[in-house]
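# What the coordinates show
Letter by letter, the chains look like this.
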Amino acid sequence: MTPLAVAVAGRGLVPPGEPVFGASDEALLRGSAAFETMRVYGGRPFLLDRHLARLAHSASELGLPSTGEAAELAELVAAATVPDHVLRLVRSSDVLVATAAPLPLGLEAQRARGLALRSCEQEPSPLLPGVKSTSYAAAFAARRRAEHDGADDVLFTSNGSVLDCATANIWWRTGRTLHTPATGPGVLPGVTRSLILELEEVATGPALADHLLGADEAFTTSSIREVMPVVSIDGLMVGDGVPGPAATRLQAALRLRSTA
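Below: a short report on this structure. Owing to the predicted nature of the structure, the values given are computational and were not obtained by experimental measurement.

## Quick look at the environment of Thr174
Within the secondary structure, Thr174 is located in strand S10 (residues 169-174). Accessibility expressed as a relative area gives 38% for Thr174, which makes it partly exposed. Separated by 49 residues in sequence, Thr174 and Ser125 have C-alpha atoms that sit 29 Å apart. With near-sequence residues (within four places) excluded, Thr174 lies in contact with His179, Ala215 and Asp216.

## A closer look at the pairing of strand S13 (residues 217-222)
Most of S13 sits inside the fold, with 6 of its 6 residues counted as buried. Taking every second residue as pointing to the same face, both faces of S13 are buried, with Glu217, Phe219 and Thr221 on one and Ala218, Thr220 and Ser222 on the other. The pairing of S10 with S13 spans 5 bridges and is classified as antiparallel. Opposite Ile170, over in S13, you have Thr220 as the bridge partner. One ladder, built from 5 bridges, connects S13 with strand S14 (residues 226-233); its direction is antiparallel.

## Thoughts on the pattern of salt bridges
For the structure on display, the rule yields 14 salt bridges. Taking the shortest distance from any N to any O, the salt bridge between Glu26 and Arg30 comes out at 2.4 Å. Salt bridges sharing common partners tie together Arg39, Glu108, Arg111, Glu226 and Arg255.

## Points about the sheet that holds strand S2 (residues 12-14)
Strand order in this open sheet of 6 strands is S2-S1-S6-S5-S3-S4, and the pairing throughout is antiparallel. At either margin of the open sheet sits one strand with a lone partner, and together these are S2 and strand S4 (44-45). Together, strand S3 (34-41) and S4 form the strand contacts of helix H8 (residues 245-259), whose direction differs from that of S3 by roughly 85 degrees.

Reading the values: rules and limits
- Every chain is numbered on its own, with residues counted from 1 as its sequence reads.
- Note on the predicted model: pLDDT of at least 70 is required for a residue's local features to be given, and 80 or more for side-chain atom pairs to be given and counted; whole-chain, interface and lining totals, by contrast, use all residues.
- Values reported for side chains reflect all heavy atoms of the structure, with hydrogen atoms and water molecules removed beforehand.
- Numbering goes from the N terminus for both helices and strands, where a helix is a DSSP run of H or I of at least four residues and a strand is a run of E of at least two.
- Throughout, exposure labels follow a simple rule: accessible area from a 1.4 Å probe, protein chains only, divided by the maximum for the residue type, with under 20% read as buried, over 50% as exposed, and the rest as partly exposed.
- The contact definition used throughout considers only heavy atoms, calling two residues in contact when any of these lie within 4.5 Å.
- Pairing between two strands is assigned when DSSP locates at least 2 bridges connecting them.
- The working definition used for a salt bridge is a side-chain nitrogen of Lys or Arg within 4 Å of a carboxyl oxygen of Asp or Glu.
- For helices, the fitted line uses only the C-alpha atoms of the stretch in contact; every axis is such a line through C-alpha atoms, and the angle between N-to-C directions lies from 0 to 180 degrees.

The structure is reproduced here in structure tokens:
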């Protein structure tokens, strides 16, 4: 898919179909480029400062060059296309790039019916905590297997503990209490996650799969899909098997914050 707009550090806006990464770019060749993906509402990148901070952390941990021009590139791309879109920043060995792309289709229909998840056991790496890199091959392969089995996404687990989905954090509600796994190996400190932690009192810590299956409701959070209800895991209903009130309330709060 051709991006809607592209900007490159040191060059500004470039034609969207023009190649911007070199064949010898080591970070891309080895899946160790740092990146951030965020949603743009009305021409304004949402929670941009938090995404920039995580991008800088990821680049530093991966030994990549500075991300100092990222804010300017993000604003440049956001102003060059439709008001609502997906904005991505990529810091490779050789170049810093911002791109704009259309929002995925069908998000609201998916939100109305809720997600079906399939669990997948994995052993998370203790290296590079909090780093968001382009090494997503295993996660996307697991998601494709889950989709082949009729699910919408994969939920990673390790020795009975809940981790993350392929590109989202997982949450659940028991009674009036919200829960989410503590960050660490296998659990990325999501930007949308950080906002929910400010909006609600949340219990974080070790998260057992049995607790999630016995919850009153569950949902995921991510920058692009926002708050997505979860209605089943491995074919078993979560709660009543329909989107729950906490997910609805938090989605409304997120939209209000994003357009304020």
